Amino acid sequence: MQTKANDFSKKLIDLILPITFQQFMLALVSASDAVMLGRLSQNALSAVSLASQITFVENLFLATMTIGLSMFAAQYWGKNDRVSVEKIFAYVMKITAAVSFAFFIISLLIPKFFMGLFTNDTILINGGAVYLKTVSLSYFLTGISQIYLCILKNSGKAVKSGVISSASVAANIFLNVVFIFGLWGMPKLEIAGAALATVIAKIIEVLWCITESLRKGNIALKCKHVLHCDKRLTKDFWKYTFHVLGNEIVWGIGFTMYSVIMGHLGTDAVAANSIANIIKNLIVCFCVGLGSGGGIIVGNELGAGKLDTAKEYGGKLCRLSVILGLVSGFVMFLLSPVILKFSDLSDTANNYLKWMTVMCSVYMVGKSVNMTVISGIFCAGGDSKFGLFCDAVTMWCVTVPLGFIAAFALKLSVLAVYLIINLDELVKLPAVYRHYKNYLWVKDLTVKTMKTEE
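Residues numbered from 1 in each chain as written. Predicted model: local features only at pLDDT ≥ 70, side-chain atom pairs only at ≥ 80, totals over all residues. Heavy atoms only, no water.

Enquirer: I would appreciate a short explanation of the nonpolar core in the present structure.
Expert: Of all hydrophobic cores here, the largest spans 39 residues; its most connected members are Met-262, Ile-275, Leu-345, Tyr-352, Leu-353, Met-356 and Tyr-418. The set of elements that each furnish at least two residues to this core consists of α2 (42-78), α9 (231-263), α10 (267-303), α11 (307-342), α12 (347-380), α13 (385-409) and α14 (414-421). Counting residues per element, this core draws most heavily on α10, which supplies ten residues. (Core = buried A, V, L, I, M, F, W, Y, C linked by side-chain atoms within 4.5 Å. Buried < 20%, exposed > 50% of the residue type's maximum accessible area, 1.4 Å probe, protein only. Helix = DSSP H or I, 4+ residues; strand = E, 2+ residues; numbered from the N terminus.)

See the structure below:
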């Protein structure tokens, strides 16, 4: 029993800590953008924040593909079936590269159209369009690098994945300073500088990922698997990943509606919401790390046929998610005075931000549990349908319509509207707990595959 506990602790440290650090570093880029652009002007901060909704939409697709890839790669890796891991990696890379290329072209050609969806402020539209045109190539590069980083995490190279991603982030932050403010003889590019820094950092990340994959013993992208897909494996992939895609679309569009609502409540509301989201993303990265790493741990055990061990690990991860949520919320509450001290916002925006951070502290508990259970444990066993149903009900039957009514019909205060649109993670908790106890997620997805091959 003690050996099993030690084994879980080791896997927790080897997987979750590197992934958490990686997520923290990624969130740090947005934070650095906010701090530096906020020094230029509140409008620059707000414009880039709204433009980044395009990044958010792409990330929904990337989340779908990485969750689907992890779902199968973790289980096949646990079964020591390297060939199947290579096949699913190649297929997911092909699909992701094609869709990411489309994001690149669209952002390059019609940036003002997308900005007009989020705000009617001409200054914000023009500033955001400059950012989108300059940053557009990074959308294609990000699609490639994220799949490489995902396969590294699922094939025993979580630390290396974290190192590559963190180095890219460090380069991004350094180049932000150089290009935004025009240091060391470089032109002062302001908003365009933040975008250019992102593109260069992503080029570094992609080249490093490709180089790492070519090392002996690592999972590499093989042309034969890209050109000739395993039809049975791809069919199984979409059977379980399709619900993840639906879930991401339902959740993502709903979350984007939150930005639309806040975007029409004035620049003070947009700026405060931007800072609150950045801080929330910095703190929530610990919850994301637990969910992502926990999903891989559970998936490895399920793929190895150790269903009872996977069930036991799931229980431990649930308890950890509650503790982590409480700690994360407390940390955010403690950081609130520091955040207000260093945020260069108007008095009105500062007042909004103060109360937004308090609300986010409570939100953290629900987010931690839901990230770990829905995105991690459930998806590890292919139980992806529940997440789609849960978000469809909580967001589209509760928070989104109530948010629009509160903002545009009842014309409630900015803070009242913000409270309503942040209730979704708490509303779904009872249903998540009940579904977890059904144990429908305790499933080996590779059994059918192995029997077919035999």
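Okay, back to it.
Enquirer: Just checking my understanding: could you explain the pattern of salt bridges for this structure?
Expert: Working definition: two side chains of opposite charge can pair if their charged atoms are close together. Evaluated as defined, the whole model comprises twelve salt bridges. We note a salt bridge from Lys-222 to Glu-86, for which the minimum N-O separation is 3.4 Å. Of the two residues, Lys-222 is situated in the loop between α7 (191-213) and α8 (223-227) and Glu-86 in helix α3 (residues 82-109); the sequence distance between them amounts to 136 residues. Across the pair Asp-230 and Lys-87 runs a salt bridge, and its minimum N-O distance is 3.3 Å. Pair noted here: Asp-230 is in the loop between α8 and α9 and Lys-87 is in helix α3, with a separation of 143 residues, a long-range link. When salt bridges that share partners are traced, they join Lys-367, Asp-391, Glu-425 and Lys-428 into one network. (Salt bridge = Lys/Arg side-chain N within 4 Å of Asp/Glu carboxyl O.)

Enquirer: Quick question: what am I supposed to make of the packing of aromatic side chains here?
Expert: What characterises a pair of aromatic rings is the spacing of the ring centres plus the angle enclosed by the ring planes. Scanning the model with the defined rule gives 13 aromatic pairs in all. Seen from their ring centres, Tyr-436 and Trp-441 are 5.6 Å apart, and the 20° between their planes marks the pair as stacked. Each member of the pair, Tyr-436 as well as Trp-441, carries the same accessibility label: buried. Between Tyr-439 and Trp-441 the ring centres are 6.1 Å apart and the planes differ by 55°, which places this aromatic pair in the tilted class. A connected cluster of aromatic rings, assembled from ring pairs, spans Phe-72, Tyr-91, Phe-237, Trp-238 and Tyr-240. Taking NZ or CZ as reference, Lys-280 lies 4.4 Å from the ring centre of Tyr-363, over its face. Here the basic side chain of Lys-311 rests over the ring of Tyr-439, its NZ or CZ set 4.0 Å away from the ring centre. (Phe/Tyr/Trp six-rings, centres within 6.5 Å; stacked < 30°, edge-to-face > 60°. Lys NZ or Arg CZ within 6 Å of the ring centre and 35° of its normal.)

Enquirer: Help me understand empty space enclosed by the protein, please; the structure alone is not making it clear to me.
Expert: Under the criterion given, the structure shown has two cavities of 30 Å³ or more. A volume near 80 Å³ is recorded for the second largest cavity. As for the second largest cavity, its lining consists of Phe-255, Tyr-258, Ser-259, Asn-273, Asn-277, Lys-280, Tyr-418, Ile-421 and Asn-422. Here the residues of the lining of the second largest cavity sort into four nonpolar, four polar and one charged. (1 Å grid on protein atoms, 1.4 Å probe; cavity = no way out; pocket = protein on both sides within 12 Å on 5 of 7 lines; lining within 4 Å. Points joined across faces, edges and corners; volume = space filled by probe spheres on them. Nonpolar A, V, L, I, M, F, W, Y, C, P; charged D, E, K, R; others polar.)

Enquirer: Just checking my understanding: could you explain a positive patch on the surface for this structure?
Expert: Taken together, the side chains of Lys-235, Lys-239, Lys-385 and Lys-443 make up a positively charged region of the molecular surface. Residue class for Lys-239 comes out partly exposed when judged on its relative accessible area of 48%. (Patch = residues over 30% accessible without salt bridge, like charges linked within 9 Å, V, L, I, M, F, W, Y side chains within 5 Å. Areas by Shrake-Rupley, 256 points an atom, 1.4 Å probe, with all protein chains shown as cover. Lys, Arg positive; Asp, Glu negative; His and termini not counted. Charge placed at Lys NZ, Arg CZ, Asp CG, Glu CD.)

Enquirer: I keep staring at α13 and nothing clicks. Help me out?
Expert: Since the α-helix packs 3.6 residues into each turn, any two residues three or four apart lie on the same face. Helix length check: α13, at 25 residues, gives a terminal C-alpha distance of 34 Å against a target of 36 Å (1.5 Å per residue), a fit within 8%. Taken as a whole, α13 carries its principal kink of about 40° at Met-395. All of the buried residues along α13 are Phe-386, Gly-387, Cys-390, Asp-391, Thr-394, Met-395, Thr-399, Val-400, Gly-403, Ala-406 and Ala-407. Looking at the packing, one finds that the buried side of α13 touches α9, α12, α14, α15 (424-427) and α16 (429-436). (Expected span 1.5 Å × (residues − 1). Bend = angle between axes of the 7 residues up to and from the residue. Contact = heavy atoms within 4.5 Å.)

Enquirer: Help me understand α9, please; the structure alone is not making it clear to me.
Expert: Over its 33 residues, α9 runs 44 Å from end to end, which matches the ideal 48 Å to within 8%, given 1.5 Å per residue. If you look at α9, its biggest bend is around 35°, right at Thr-241. Sitting at the head of α9, Asp-230 places a side-chain oxygen 3.1 Å from the backbone nitrogen of Arg-232. (Polar contact = N/O pair within 3.5 Å; in protein donor to acceptor, adjacent residues only side chain to side chain.)

Enquirer: Would you take a moment to explain the side chain of His-435 for this structure?
Expert: Inspection of the secondary structure assignment puts His-435 in helix α16. Residue classification places His-435 among the buried positions, given a relative accessible area of 12%. Ignoring sequence-local partners within four residues, the contact set of His-435 consists of Phe-378, Asp-383, Phe-386 and Leu-440.

Enquirer: Sorry, what's going on with unusual backbone geometry here?
Expert: Peptide bonds are trans in most cases, and residues, glycine excluded, mostly fall at negative phi. With phi around 65°, Asn-80 is a residue other than glycine that occupies positive phi space. Residue Asn-80 is classed as exposed on the basis of its relative accessible area, which comes to 70%. In this model, Tyr-439 sits at a positive phi of 55°, which is unusual for a non-glycine residue. For Tyr-439, the location among the structural elements is in the loop between α16 and α17 (447-453). Judged by its relative accessible area of 24%, Tyr-439 falls in the partly exposed class.

Enquirer: What is the right way to read a nonpolar patch on the surface from this model?
Expert: Among the surface-exposed residues, Phe-101, Ile-105, Ile-106, Leu-108, Leu-109, Ile-110, Phe-113 and Leu-117 lie close enough to one another that they form a single nonpolar patch of about 710 Å² accessible area. Inspection of the secondary structure assignment puts Leu-117 in helix α4 (residues 111-118).

Enquirer: Any chance you could explain the environment of Ile-105 here in plain terms?
Expert: Relative to the helices and strands, Ile-105 is located in helix α3. Through-space distance from the C-alpha of Ile-105 to that of Lys-133 is 9.4 Å; in sequence the pair is 28 residues apart.

Enquirer: Explanation requested: the environment of Thr-357 in the structure shown.
Expert: Tracing the backbone shows Thr-357 in helix α12. The buried category is assigned to Thr-357, whose relative accessible area is 1%. For the pair Thr-357 and Thr-267, spaced 90 residues apart in sequence, the C-alpha to C-alpha distance is 18 Å.

Geometry only, nothing functional implied.
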